[in-house]
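A structural walkthrough
Each chain, letter by letter, is given below.
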Amino acid sequence: MHRFLNGYTTYLNCPATCTTSNIIYAMTCPCGHYDYVDSTAKTLADAMAYHREHGNRIIHEKLTGSPLFRGSQIDPDEREKEMVNQMRLYQHSARCPEALRSFLDCNPMYWCFIPLPVDEAATENAANRPGNSTTDPNLDAVIATTAVDNHRVPNYLDNVPLPPTPYAFSYRQIKQQRLFFERFVTSSIHYRPYIKLDLYNIAIIAVLPNDCSMILRYIIETLFIIHGETKLNMICPLGGNAEKRYGRPYNLHWCDNLNNSSM
Ligand SMILES: [Zn+2]
């Protein structure tokens, strides 16, 4: 059984596991406000791997302002990434405080990209003016021993998105961002600076026969989207566009309630 956020309830038509293929599945954000329906001819494990790949990459790219890909000039997956980057599903998880908090729990080195409320940044800066040593002697040692001669680091720092008002980065955060990018540019191009995690709760809602055509699968998937009124799908019950009906997939004040006061 699966209950959509609008209350619509559906019952699985036959037993399924994450190795069952040809399925329709629902994804629900842990924040409890957004859901999504998708289908695959492959298995749930394959679909989860796909969503993990893009969801975590897009968080990295939204926070740092730079693409993860550091290979040759031409990214072979660029067209697919461009399309995926427009999806409400990933736009939401990259700005949802709940999803971001899970990401930051696994990847605390990204906290320096989460702007602080302006007064908090000012208080921190007053205690730690630039030029003075930081309050963390280990960090000072790392800064002192890391040669800052990589010309790409300033470019990366320039690309970090400006904090929305009334937020700001503290000097400590900017230092940590510099360290982050120094490691990033000197690591292998295949290295990912983050641990990937599943950002959505996921459930199979229907299993289709193996000979079910793709068209039929899409039709059934669309029926679930219509009944479930899933806010993150790009199509919506009354036609038109999802943004008009459901609004933006995230709150512009995304750093509200995302303050790591323990740091
Ligand atoms: Zn959410």
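Going by the structure above, here's the rest.
Right, let's walk through the structure included here. Computed from a prediction, not measured in an experiment: that's the story for all the values here.

Along its length, the protein chain carries ten helices and seven strands. Within the protein chain, the proportion of its 263 residues that are buried is 26%. Sequence separation of at least 24 residues holds for 75% of the intrachain contacts in the protein chain that already meet a minimum separation of 6.

With that settled, the discussion passes to the sheet that holds strand β4 (residues 35-43). Strand order in the open sheet formed by three strands is β4-β3-β7, with antiparallel pairing between adjacent strands. Strands at the two margins of the open sheet, each flanked by one partner only, are β4 and β7 (201-207). Neighbour-to-neighbour, the strand axes of the sheet open up by a mean angle of 30°, direction not taken into account. As judged from the seven bridges shared by strand β3 (residues 21-28) and β4, these two strands associate in the antiparallel manner. Of the residues in β4, the one forming a bridge with Ser21 is Thr43.

Nonpolar side chains tend to gather and get buried jointly when the protein is soluble and globular. Of all hydrophobic cores here, the largest spans 38 residues; its most connected members are Ile24, Tyr25 and Ile205. Viewed by domain, this core spans two of them, domain 1 (1-107 + 194-263) and domain 2 (120-190), each represented by three or more residues.

Right, let's talk about unusual backbone geometry for a bit. Residue Pro166 is bonded to the preceding Thr165 through a cis peptide linkage, with omega at 0°. Mapped onto the secondary structure, Pro166 falls in the loop between α7 (152-159) and β6 (167-168). With a phi angle near 60°, Asn22 is a residue other than glycine that sits in the positive phi range. Mapped onto the elements, Asn22 comes out in strand β3. For Glu229, which is not glycine, the phi torsion reads 45° and is therefore positive. For Glu229, the position within the fold is in the loop between α9 (214-228) and α10 (242-246).

What follows deals with the environment of Ile205. Within the secondary structure, Ile205 sits in strand β7. For the pair Ile205 and Thr10, spaced 195 residues apart in sequence, the C-alpha to C-alpha distance is 6.9 Å. When near neighbours in sequence (up to four residues on either side) are disregarded, Ile205 contacts His2, Thr10, Leu12, Ile24, Tyr25, Ala26 and Phe224.

To continue, consider the packing of α7 against helix α8 (residues 171-186). At a minimum axis separation of 9 Å, α7 and α8 run at an interaxial angle of 125°. Overall, the two elements α7 and α8 adopt an arrangement that is oblique. Seen from above, α7 lies across α8 with right-handed handedness. In this structure, α7 uses Arg152, Val153, Tyr156 and Leu157 to contact α8, whose residues at the interface are Gln177, Arg178, Phe181, Glu182 and Val185.

The subject of this paragraph is the environment of Ala45. Along the polypeptide, Ala45 turns up in helix α1 (residues 44-64). Here Ala45 falls in the exposed class, since 12 other C-beta atoms lie within 10 Å of it.

Counting buried positions over the eight residues of β3 gives six, a clear majority of the element. As paired strands, β3 and β7 are joined by six bridges and run antiparallel to one another. Its bridge partner being in β7, Ile23 is matched across the sheet by Val207.

Criteria and thresholds
Residues numbered from 1 in each chain as written. Predicted model: local features only at pLDDT ≥ 70, side-chain atom pairs only at ≥ 80, totals over all residues. Helix = DSSP H or I, 4+ residues; strand = E, 2+ residues; numbered from the N terminus. Buried ≥ 20, exposed ≤ 12 C-beta atoms within 10 Å, placed from the backbone. Contact = placed C-beta atoms within 7 Å. Pairing = 2+ DSSP bridges. Axes fitted to C-alpha atoms, helices over the stretch in contact; angles between N-to-C directions. Core = buried A, V, L, I, M, F, W, Y, C linked by C-beta atoms within 7 Å. Domains from an automatic or database assignment. Parallel < 35°, antiparallel > 145°, perpendicular 65-115°, else oblique. Left-handed = near helix turned anticlockwise from the far one by under 90°.

Interpretation in functional terms is not warranted from these geometric data alone.
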